[in-house]
Amino acid sequence: MPRRRIGFWYRFAAVLCKPPLVVLIKRDWRGMENIPAEGGFITAVNHNSHIDPFAYAHYQYNTGRVPRFLAKSGLFKKGFVGAAMRGTGQIPVYRESTDALSAFRAAIDAVERGECVAFYPEGTITRDPDQWPMTAKTGAARVALQTKCPVIPVAQWGANELLPPYAKKPDLLPRKTHHVLAGPPVDLTRFYDKEMTQDVLKEATEVIMAAITRQLEEIRGEKAPETPYDPRQVRIEQRRRTRAQSGLEEESGK
């Protein structure tokens, strides 16, 4: 694929980041043929390590279609980090917006300009105890249904073995392998003529996450849980148990 629209800052970041990644991580990269050569599109990627954005960006940089990640708008305002974020074409998310679609306006504009927008639909590193994809936010589905662009499901595994979730120190030896598998576009056409309600967005998001999970099952050679881990439901259940336990303690103290 042609290396177009990369620019100085992205090449500079590659010069800084690629050598240590090559040294630290072996590569098992598959599915590059599913990354579109032309036009705007979304990649939807699972997230299980603080360093997997760098490892994944390396993968996609090598396809010639560099990813534009979404990040908090405040990161773009000051200093070297802000200059790098702006220079590499990363996309600010204005979370203070009361209009959900307006919050992703820059992502929509990027897709319509023919860029790749990389989403981590889970919004944070997975909380699943076995590091399977968990329930996700609807931003990727919202942009996909608004633009009707291809959504490429991408699963990755291995950066989490180098730096496990929330670990403070990497596990360097033995040398880990970064596995990436990009699949064919997710079929979302059945949602195109529907009103973009929360239920529609939720269902489209579940379709996207199911595709990512299937890719990860292939990488790991095992089946994911039938029901994705839902941190919100876990918190609700924990509060219910706490209230129940407090009630029992009050009863026993009478």
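Use the structure listed above.
First, a word on what this report is: a plain description of the structure on this page. Quick caveat: nothing in here was measured; it's all calculated off a predicted structure. (Residues numbered from 1 in each chain as written. Predicted model: local features only at pLDDT ≥ 70, side-chain atom pairs only at ≥ 80, totals over all residues. Heavy atoms only, no water.)

**Description of the overall build of the protein chain**
Turning to step 1, where the next piece is worked out: Summing up its helical and strand segments, the protein chain has 9 helices and 7 strands in all.
Turning to step 2, where the next piece is worked out: Taking the principal axes of the C-alpha coordinates as reference, the protein chain spans close to 75 × 50 × 40 Å.
Turning to step 3, where the next piece is worked out: Here the contacts in the protein chain between residues at least 6 apart in sequence split such that 75% fall between residues at least 24 apart.
Turning to step 4, where the next piece is worked out: In the structure as shown, the protein chain presents an accessible area of about 13,600 Å², 55% of it carried by carbon and sulfur atoms.
Turning to step 5, where the next piece is worked out: Positive and negative charge centroids in the protein chain, built from 38 and 29 side chains respectively, lie 8 Å apart. (Helix = DSSP H or I, 4+ residues; strand = E, 2+ residues; numbered from the N terminus. Contact = heavy atoms within 4.5 Å. Areas by Shrake-Rupley, 256 points an atom, 1.4 Å probe, with all protein chains shown as cover. Lys, Arg positive; Asp, Glu negative; His and termini not counted. Charge placed at Lys NZ, Arg CZ, Asp CG, Glu CD.)

**Looking at the side chain of N48**
Turning to step 1, where the next piece is worked out: With respect to the helices and strands, N48 occurs in the loop between β2 (41-45) and α2 (52-61).
Turning to step 2, where the next piece is worked out: A relative accessible area of 1% places N48 in the buried class.
Turning to step 3, where the next piece is worked out: Apart from residues no more than four positions distant in its own chain, N48 is found in contact with I125, T126, Q131, Q156, W157, N160 and P165. (Buried < 20%, exposed > 50% of the residue type's maximum accessible area, 1.4 Å probe, protein only.)

**Considerations on the sheet that holds β2**
Turning to step 1, where the next piece is worked out: One open sheet accounts for 7 strands, arranged β1-β7-β6-β2-β5-β3-β4; its pairing is mixed. Each having just a single partner strand, β1 (25-30) and β4 (91-93) make up the two edges of the open sheet. Neighbour-to-neighbour, the strand axes of the sheet open up by a mean angle of 25 degrees, direction not taken into account.
Turning to step 2, where the next piece is worked out: Here strand β3 (residues 67-72) runs beside strand β5 (residues 116-119); their pairing, made up of 3 bridges, is parallel. Pairing of R68 across the sheet is with V117, part of β5. (Pairing = 2+ DSSP bridges. Axes fitted to C-alpha atoms, helices over the stretch in contact; angles between N-to-C directions.)

**Overview of a nonpolar patch on the surface**
Turning to step 1, where the next piece is worked out: Together, F8, F12, L16, L75, F80 and V81 make up a nonpolar patch on the protein surface, roughly 610 Å² of accessible area in all.
Turning to step 2, where the next piece is worked out: Looking at the nonpolar patch, the elements with two or more residues in it are α1 (7-24) and α3 (79-87).
Turning to step 3, where the next piece is worked out: In terms of residues, the nonpolar patch owes the most to one element, α1, which gives 3 residues.
Turning to step 4, where the next piece is worked out: Assessed through its relative accessible area of 41%, L75 is described here as partly exposed. (Patch = residues over 30% accessible without salt bridge, like charges linked within 9 Å, V, L, I, M, F, W, Y side chains within 5 Å. Salt bridge = Lys/Arg side-chain N within 4 Å of Asp/Glu carboxyl O.)

**Thoughts on the side chain of T138**
Turning to step 1, where the next piece is worked out: Looking at the secondary structure, you find T138 in the loop between β5 and α6 (139-147).
Turning to step 2, where the next piece is worked out: T138 gets classed as buried once you look at its relative accessible area, which sits at 15%.
Turning to step 3, where the next piece is worked out: Excluding residues that lie within four positions of it along the chain, T138 makes contacts with Q198, L201, K202 and T205.

**Considerations on the packing of α6 against helix α8 (residues 198-220)**
Each pair of packed helices can be described by the angle between their axes along with the distance between the axes.
Turning to step 1, where the next piece is worked out: Where α6 contacts α8, the two axes come as close as 8 Å, and the packing angle between them is 105 degrees. Taken together, the axes of α6 and α8 are roughly perpendicular relative to one another. Taking contact as the criterion, the partners of A141, R142 and L145 in α6 are, on α8, Q198, V200, L201, A204, T205 and I208.
Turning to step 2, where the next piece is worked out: When the residues that make up the contact of α6 with α8 are grouped by side-chain class, the tally is 6 nonpolar, 2 polar and 1 charged. (Parallel < 35°, antiparallel > 145°, perpendicular 65-115°, else oblique. Nonpolar A, V, L, I, M, F, W, Y, C, P; charged D, E, K, R; others polar.)

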